[in-house]
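# Architecture and fold: a report
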Amino acid sequence: MPLRCEGNNQRLRSKLPMPIPIELIVLVISTGVSYGINLHRTYGVGIVGDIPTGLVAPAVPKVDYFLDVVGNAFAIAVVGYTITISLAKMFAMKHGYKVDSNQELIALGLSNLAGSFFHCFAVTASMSRTLVQETTGGNTQIAGSVSALVILAIILKAGELFTSLPKAILSAIVIANLKGMYKQFQDIPSLWRTNKYDLLIWLVTFISTVCLNMDIGLAVSVVFGLFTVTFRSQLPQYSILGQIPDTDLYRDTEENTMAKEISGIKIFHWNAAIYFANAELYTKALKVKMGANVDRLIKKKKKAVMKRKKGLQKVISLAKIIMAKTQMGSGLEFLANRDDVLGSLRRLSETIPNSPSLQSLGLEKLDFHSLILDFSAVSFIDTVGVKMLKNVFNEFREIEVDVYIANCPISVSRQLVSSQFFVGPISKSSLFASIHDAVIYLTSSNESGSLQEVTEI
């Protein structure tokens, strides 16, 4: 397998018929010098020393040890798979190919299963040897096969040839080929400028792995990564969308000056899933973006309705008193007064509608009659989210605003149906395939005066 020094070979590629195996040359020269002048005995230089040769006779693993090693085996499996898939994806991005995670996991499992009969160490990808092979030009399965045959030859017989190899030379070759890994520290300034969350995950993973051992450090980094995902899902982006004139495109009105809000219609966009952790935030963000204090208007309406009911009760009580007093008079006079009182109560009840509107209560209406919820970025919704969404529909009905859902994914729509969301006053007619379809429907309905009135609760 040809070995080469990447820097020199890159500069001399056009003049060389084949790469220079500089690492192999260094190994041969250093081993010869160490053996010739006996560096270990004369100067105390550390050498590789005796390398056991031959293979251990295969044997069936002892089942009695399984319960004792299952915990450590699981940790080793997680760490080994993580290192393998990380290296595979790193080189896949560099060389432009795809990695099948399941295939890698099956390969590791089969390798460890076969190795368990020969007392082998747990199999995983070697960061140093992988980088050495990649920098020396080994990019195919043939390179791995040649490397395996070389290792097999060393194990069987050639190991004694490297007995005098100085450890410093071996370490220098490994460290030199780890240059690509060290260059990852250059990602810190870039991550600081582009994504501080990724930088934080990078730093936590590095510190936890260095300060703790590999398995605990990996567990800490995974938990921290999941924590940042959960945290970011509770701080999503939301906005009011407006239509770009003469198109069916709708964009954030604050970021796009061409986008204009449609008269009488609000379009609210949310770019995250709706579940228990952010359901309340969704409601708050929606009401803030409406440009009016929705909760305060609902409270005012409820107070006005209660005040009107109390006034009616007072009239009824007064009528009962009058009827009781007139009952003391003659029968004809009582009947006449009773008919007058009942007639007055009937006329009073006719003037009070069953579902009083904001206008009849003397309250100011909002400047929009319809609200469209853009669900294009909502990947899923849980039970808490469905209950919150029902409250949104009911609360806006209280203030005479129709609520519609647009761009709802099929999975979310199925979840709403299974959660019995479209029951009672909420029907499937509230769903629209796109924002533009909903806008066209609402605009035409409003212009023709056939916009359906909502029922007040």
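Just so it is clear, the model here is predicted, and its values are computed rather than measured.

To continue, consider the overall build of the protein chain. If you tally the helices and strands in the protein chain, you get 18 helices and six strands. The buried share of the protein chain, reckoned over its 457 residues, is 31%. In the protein chain, once contacts between residues fewer than 6 apart in sequence are set aside, the share between residues at least 24 apart is 70%. For the protein chain, the exposed surface amounts to about 29300 Å²; the carbon and sulfur share of it is 62%.

What follows is about the sheet that holds strand β1 (residues 238-243). The six strands are arranged β2-β1-β3-β4-β5-β6 in an open sheet whose pairing can be described as mixed. The outermost strands of the open sheet, each flanked by one partner alone, are β2 (250-252) and β6 (431-432). Taken together, the three bridges between β1 and β2 define a ladder with antiparallel strand orientation. Within β2, the residue paired with Q243 across the bridge is Y250. Of the strands in this sheet, β1, β3 (264-270) and β4 (368-374) are in contact with helix α13 (residues 279-289), which crosses β3 at around 145°.

For the rest of this paragraph, the subject is the nonpolar core. One recurring pattern in soluble globular proteins: nonpolar side chains tend to sit buried together. Core analysis: the largest hydrophobic core is formed by 36 residues, its most contacted members being F375, F396 and L416. Looking at this core, the elements that each hand over two or more residues are β3, α13, α14 (294-326), β4, α16 (383-398), β5 (402-406) and α17 (410-418). Element by element, the count of residues in this core is highest for α16, at six residues. In this structure, F396 is in contact with L286, M290, V294, F368, L371, V401 and V403, ignoring residues within four places of it in sequence.

This part covers the UniProt feature "transmembrane region" (unreviewed entry) in the protein chain. Under the UniProt annotation, "transmembrane region" (unreviewed entry) lies at residues 20-37, 73-93, 105-128, 148-178 and 199-227. The span residues 73-93 carries 100% helix and 0% strand; its end-to-end C-alpha distance comes to 30 Å. The distance from the first to the last C-alpha atom of residues 148-178 is 21 Å, and the span holds 65% helix and 0% strand.

This part covers the pattern of salt bridges. Across all of its chains, the model carries four salt bridges by this definition. Here E395 ties to K287 by a salt bridge, and the two come within 2.8 Å at their closest N and O atoms. With a gap of 108 residues between them, E395 in helix α16 and K287 in helix α13 connect regions that are remote in the sequence.

Let's shift gears to the layout of surface pockets. Any empty space left between atoms is shown by rolling a water-sized probe over those atoms. Considering only enclosed or pocket space, the second largest pocket measures out at about 1300 Å³ in volume. At the level of secondary structure, the elements contributing two or more residues to the lining of the second largest pocket comprise α4 (66-95), α9 (179-182), α11 (196-211) and α12 (214-233). Taken together, the residues of the lining of the second largest pocket sort by class into 20 nonpolar, seven polar and two charged.

A separate point is helix α2 (residues 22-37). The first and last C-alpha atoms of α2 sit 22 Å apart over 16 residues, in line with the 22 Å expected at 1.5 Å per residue. Buried residues belonging to α2 abut α3 (39-43) and α8 (167-177). Just past α2, the residue N38 takes up positive phi, approximately 55°.

Even without being glycine, D246 reaches a positive phi, approximately 65°. Mapped onto the elements of the fold, D246 is located in the loop between β1 and β2. Judged by its relative accessible area of 83%, D246 falls in the exposed class.

Turning our attention to α11. With 16 residues, α11 should reach 22 Å at 1.5 Å per residue; the first-to-last C-alpha distance of 22 Å fits that figure. Within α11, burial applies to L199, I201, W202 and S208. In the core, the buried residues of α11 are packed alongside α10 (187-194) and α12. Of the residues that open α11, the one with a side-chain oxygen 3.0 Å from the backbone nitrogen of Y197 is N195.

Once that is clear, we can look at the packing of α2 against α8. Remark: α2 packs on α8, axes separated minimally by 10 Å, with the N-to-C direction vectors making an angle of 165°. Comparing their axes, α8 and α2 come out roughly antiparallel. At the point where α2 passes α8, the crossing takes the right-handed sense. Along the contact surface, α2 presents E23, V26, L27 and S30, while α8 presents I169, I173 and N177. Looking at the contact of α2 with α8 residue by residue, the classes come out as four nonpolar, two polar and one charged.

Now for the pairing of β4. Taken across its seven residues, β4 has seven buried, putting it largely inside the fold. As paired elements, β3 and β4 share six bridges and run parallel to each other. Looking across to β4, one finds that K266 is bridged to L371.

As a further point, take the side chain of K289. Here K289 lies in helix α13. Those residues within four positions of K289 in sequence are excluded, and the remaining contacts are Y238, S239, I240, E254, K266 and F268.

The buried count for β3 comes to seven of seven residues, which makes it a mostly enclosed element. Two strands pair when backbone bridges link them, and β1 and β3 are joined in this way by three bridges, in the antiparallel orientation. Directly across from S239, in β3, lies its bridge partner H269.

All right, on to the environment of M388 then. On the secondary structure map, M388 appears in helix α16. Taking relative accessible area as the criterion, M388 reaches 8% and is therefore assigned buried. Taking the C-alpha atoms as reference, M388 lies 9.3 Å from I274; in sequence the two are 114 residues apart. Not counting residues within four places of it along the chain, the set of residues in contact with M388 comprises I274, A279, Y282 and T283.

Thresholds, definitions, all that
- Residues numbered from 1 in each chain as written.
- Predicted model: local features only at pLDDT ≥ 70, side-chain atom pairs only at ≥ 80, totals over all residues.
- Heavy atoms only, no water.
- Helix = DSSP H or I, 4+ residues; strand = E, 2+ residues; numbered from the N terminus.
- Buried < 20%, exposed > 50% of the residue type's maximum accessible area, 1.4 Å probe, protein only.
- Contact = heavy atoms within 4.5 Å.
- Areas by Shrake-Rupley, 256 points an atom, 1.4 Å probe, with all protein chains shown as cover.
- Pairing = 2+ DSSP bridges.
- Axes fitted to C-alpha atoms, helices over the stretch in contact; angles between N-to-C directions.
- Core = buried A, V, L, I, M, F, W, Y, C linked by side-chain atoms within 4.5 Å.
- UniProt positions renumbered as here; feature names shortened; annotations may be inferred.
- Salt bridge = Lys/Arg side-chain N within 4 Å of Asp/Glu carboxyl O.
- 1 Å grid on protein atoms, 1.4 Å probe; cavity = no way out; pocket = protein on both sides within 12 Å on 5 of 7 lines; lining within 4 Å.
- Points joined across faces, edges and corners; volume = space filled by probe spheres on them.
- Nonpolar A, V, L, I, M, F, W, Y, C, P; charged D, E, K, R; others polar.
- Expected span 1.5 Å × (residues − 1).
- Polar contact = N/O pair within 3.5 Å; in protein donor to acceptor, adjacent residues only side chain to side chain.
- Parallel < 35°, antiparallel > 145°, perpendicular 65-115°, else oblique.
- Left-handed = near helix turned anticlockwise from the far one by under 90°.

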